[in-house]
Structure formats: C-alpha cells, structure tokens
Amino acid sequence: MNSSMVKFVVLGAVIAVSVVFLVHRMSKPVDVQHGPDVFLFICPRDGSTMTWSRQEYMDFQRDQFGGDVLCPTKGTPMVRASQCPHCEAIFEAQRQMNCPKCRKPLFEVSAQAF
Ligand SMILES: [Zn+2]
Ligand SMILES: [Zn+2]
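Structural notes, computed from the coordinates. Computed from a predicted model, the values in this text were never measured in an experiment. (Residues numbered from 1 in each chain as written. Chains lettered and ligands numbered in written order. Predicted model: local features only at pLDDT ≥ 70, side-chain atom pairs only at ≥ 80, totals over all residues.)

1. Looking at the sheet that holds strand 2 (residues 49-53)
Ordered in space as 2-1-3-4, the 4 strands form an open sheet in which the pairing is antiparallel. The sheet is open, and its two edges are formed by strand 2 and strand 4 (90-92), each paired on a single side. For this sheet the average axis-to-axis angle between neighbouring strands, irrespective of direction, equals 45 degrees. Examined bridge by bridge, strand 1 (residues 38-42) and strand 3 (residues 79-83) share 3 bridges and lie antiparallel to one another. For Ile-42, the partnering residue across the bridge sits in strand 3 and is Val-79. Together, strand 1 and strand 2 form the strand contacts of helix 2 (residues 54-64), whose direction differs from that of strand 2 by roughly 95 degrees. (Pairing = 2+ DSSP bridges. Helix = DSSP H or I, 4+ residues; strand = E, 2+ residues; numbered from the N terminus. Axes fitted to C-alpha atoms, helices over the stretch in contact; angles between N-to-C directions. Contact = placed C-beta atoms within 7 Å.)

Functional significance is not addressed by these values, which are geometric in nature.
Here it is, written out as structure tokens:
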C-alpha cells in the first residue's frame, strides 16, 4: 500500500465513524411518537416490571426531559422490556429473535422465509 492509499483508507474510516456517531446521536433512545402503544420496562436489578401507556410515557419524558425510568424500589434506571406474545414473559429488550423463556419466535415469520 502506498501512502496515498493509506490516506484514503484512513479518511474512509474517519468518515464511517463520524456517520455512525451522527446517526447514533440523532436517534433518540425511545421513539415515543412512532413507538408502540404500551411501553414496558424492567429493572435489571430485581426484575420488577412497569407498564406505561404511550401518553403516560410521553408526559414522563416531557416532565423529566427524557430522563430514565427509575425502579420504584431500588431507584435505579430501568431498561426497555419486551413481552413474549406466547408465554407473556417480560424480559430485557434486546435484538433477540426468540423468547428467552419459551424459545418461541417473538416476531411473526412469514411463510415465504422458509
Ligand atoms: Zn428494581
Ligand atoms: Zn415466551
């Protein structure tokens, strides 16, 4: 690799990193306006859960300037949770495709996918 190639690669990396950073900065942690009607939260420390309607959560975000939802018993931040449509287990929302409890898929899988 000659030096101009190196410059090109470095420049590309810098641009890629700043684009990722910008996209990350612009994306709000929770898209309330276009989010689901119900927001679930779970406490990572004691597993207690909380359910907010969209309106309740919007009011909360407005009053708290987008602050964390706090656990009523521990006072520590709660995280977004998902509920399994099959066994109704509530768990920390990640990018998992299957319920950690019953292992069934969390999302409808179209028949064409197979
Ligand atoms: Zn808690
Ligand atoms: Zn399940």
